[in-house]
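Now for the letters of each chain:
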Amino acid sequence: MGLLKQEAEHGALNVPHLSKYILNMMTLLCAPVRDEAVQKLENITDPVRLLRGIFQVLGLMKMDMVNYTIQSLQPQLQEHSVQYERAKFQDLLNKQPSLLDHTTRWLSRAAADLSAPLPSGADAASSACSSPSEAANSPEPLSPTMVLSQGFLNLLLWDPEDDEFPETLLTDRARLQELEAQLRQLSLLASVLLVSSSFSGSVLFGSPQFVDKLKRVTKALLEECKCRPEEEAMLTVSEQLAQEIHQSLKNMGLAALSSDNTASLIGQLQNVSRKENCVRSVIDQRIHLFLKCCLVLGVQRSLLDLPGGLTLIEAELAELGQKFVSLTHHNQQVFGPYYTEILKGLLPPAQVLETEVASL
């Protein structure tokens, strides 16, 4: 460095030679994804542009190294996080022996839900997902895995006014509320697409571009109206989608919607916002079935056999499922021993031993 400094002060620094040395060193050290960026630098002759480019790529290489370091340390950080959270919770439990009361009631309700008869329409929803649903919806026997899965699903339907939220999930409550909002939006989106398909015809709705356009329009409008009641939001969505379908049919030379069909389409889309709507009810059941499959079988395997009506939102469901599984998996790693003890008092001993909670 001293020699280079002297050469620079006397105007004798061989910039091209030094730049070539630096670029060769960068080629040896950079990640494969940066090879193309380094090769482009070799074609720059202007010293100022070259040095600017070198520093830009070095900045990217620095971030690559940081990301690699974090990724390599992630298992240790994860394990440390699990142990730390469990130790902190145990300290609180030692001071407040009743700290698991709400968690116990939460798991008791989940076990009761699984023991109760299936509601009307549930069989139809279950049959939409053959092998995954059989594994996820099996009523016999009640295992810790199934009770926990049902409990986690119940959190997505939690009444905001119910203060008996499980103590083991209080820190995740905000994230669960975000997932609940995302689930509601996906339910609306799938219901809207299902209703729209019956009015669009197989030719128009068979166009991926048209379906993507409907999804973009619906998502954008729902996002704009997210602070308003669903009924008001669907007024805007129904009118806009009716126009999109009508115009697209005309553009393709197909029979446009009649005034009666337009009114019927708008009415059916608006009714989707009602929980008792049959289309919305079936979609809700099938999304919950998919999420249950994700907890038991994993996201990728569950995507192989999606229930009917959900294929159009497969990418969005995969994202939702991955977030939900990630949250519940970490929670179970931390609080699994406590869940095991609680479930020993809720399930017959043979069933508790049959399926370890930690194996979810």
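In this text the structure is predicted, and so the values were computed from the model without any measurement.

## Considerations on the side chain of S187
Note on placement: S187 falls in helix α9 (residues 173–205). By relative accessible area, S187 is classed as buried at 0%. In this structure the side chain of S187 is engaged in a polar contact, spanning 2.9 Å, whose partner is the side chain of R280. S187 has contacts with R280, I283, D284 and I287, leaving out every residue within four places of it along the chain.

## Considering the packing of helix α8 (residues 144–155) against helix α15 (residues 314–344)
Put simply, α8 and α15 touch, their axes get as near as 11 Å, and they point 125° apart. Taken together, the axis directions place α8 and α15 in an arrangement best described as oblique. Considering the relative orientation of α8 and α15, their crossing is right-handed. Two secondary-structure elements touch here, α8 through P144, V147, L148, F152 and L153 and α15 through F324, T328, N331, Q332, Y339 and L343. Looking at the contact of α8 with α15 residue by residue, the class counts come to 8 nonpolar, 3 polar and no charged.

## Re helix α4 (residues 47–95)
Compared with an ideal rise of 1.5 Å per residue, which puts 49 residues at 72 Å, α4 spans 67 Å between its outermost C-alpha atoms and is within 8% of the ideal. Residue Q74 marks the point of greatest curvature in α4, where the axis turns by about 50°; the proline P75 follows within four residues. The elements touched by buried residues of α4 are α2 (15–29), α3 (35–41) and α15.

## Some remarks on a nonpolar patch on the surface
On the surface, a nonpolar cluster with roughly 470 Å² of combined accessible area is contributed by Y21, M25, L28 and L29. For Y21, the location among the structural elements is in helix α2.

## Looking at the layout of surface pockets
Within this model, the second largest pocket holds a volume of roughly 280 Å³. Sorting the residues of the lining of the second largest pocket by element identifies α9, α10 (208–224) and α11 (230–251) as the ones contributing at least two each. Broken down by element, the residue count for the lining of the second largest pocket peaks at 5 residues, all from α9. Along the lines of polarity and charge, the residues of the lining of the second largest pocket split into 5 nonpolar, 2 polar and 5 charged.

## A few points about the confidence of the model for the protein chain
Across the protein chain, the average pLDDT comes to 85, with 90% of residues at 70 or higher. In the model of the protein chain, helix α6 (residues 122–127) stands out as the element of lowest mean pLDDT, 43, in contrast to α15, which has the highest, 93. In the predicted structure, residues 121–138 sits below a pLDDT of 50 and forms 38 contacts with residues beyond four places in sequence or in another chain.

## Some details on the pattern of salt bridges
Tallied over the entire structure, the rule returns 11 salt bridges. Across the pair R184 and E180 runs a salt bridge, and its minimum N-O distance is 3.6 Å. Highlighted residues: R184 and E180, both in helix α9, separated by 4 residues, approximately one helical turn. Judged by relative accessible area, which is 34%, R184 ranks as partly exposed. Among the residues examined, E180 registers a relative accessible area of 18% and is labelled buried. Ionic pairing is found between E316 and K215, a salt bridge with its closest N-O pair at 3.2 Å. Of the two residues, E316 is situated in helix α15 and K215 in helix α10; the sequence distance between them amounts to 101 residues. Accessibility expressed as a relative area gives 12% for E316, which makes it buried.

About the thresholds
- Residues numbered from 1 in each chain as written.
- Predicted model: local features only at pLDDT ≥ 70, side-chain atom pairs only at ≥ 80, totals over all residues.
- Heavy atoms only, no water.
- Helix = DSSP H or I, 4+ residues; strand = E, 2+ residues; numbered from the N terminus.
- Buried < 20%, exposed > 50% of the residue type's maximum accessible area, 1.4 Å probe, protein only.
- Polar contact = N/O pair within 3.5 Å; in protein donor to acceptor, adjacent residues only side chain to side chain.
- Contact = heavy atoms within 4.5 Å.
- Axes fitted to C-alpha atoms, helices over the stretch in contact; angles between N-to-C directions.
- Parallel < 35°, antiparallel > 145°, perpendicular 65-115°, else oblique.
- Left-handed = near helix turned anticlockwise from the far one by under 90°.
- Nonpolar A, V, L, I, M, F, W, Y, C, P; charged D, E, K, R; others polar.
- Expected span 1.5 Å × (residues − 1).
- Bend = angle between axes of the 7 residues up to and from the residue.
- Patch = residues over 30% accessible without salt bridge, like charges linked within 9 Å, V, L, I, M, F, W, Y side chains within 5 Å.
- Areas by Shrake-Rupley, 256 points an atom, 1.4 Å probe, with all protein chains shown as cover.
- Salt bridge = Lys/Arg side-chain N within 4 Å of Asp/Glu carboxyl O.
- 1 Å grid on protein atoms, 1.4 Å probe; cavity = no way out; pocket = protein on both sides within 12 Å on 5 of 7 lines; lining within 4 Å.
- Points joined across faces, edges and corners; volume = space filled by probe spheres on them.
- pLDDT = per-residue confidence, 0-100.

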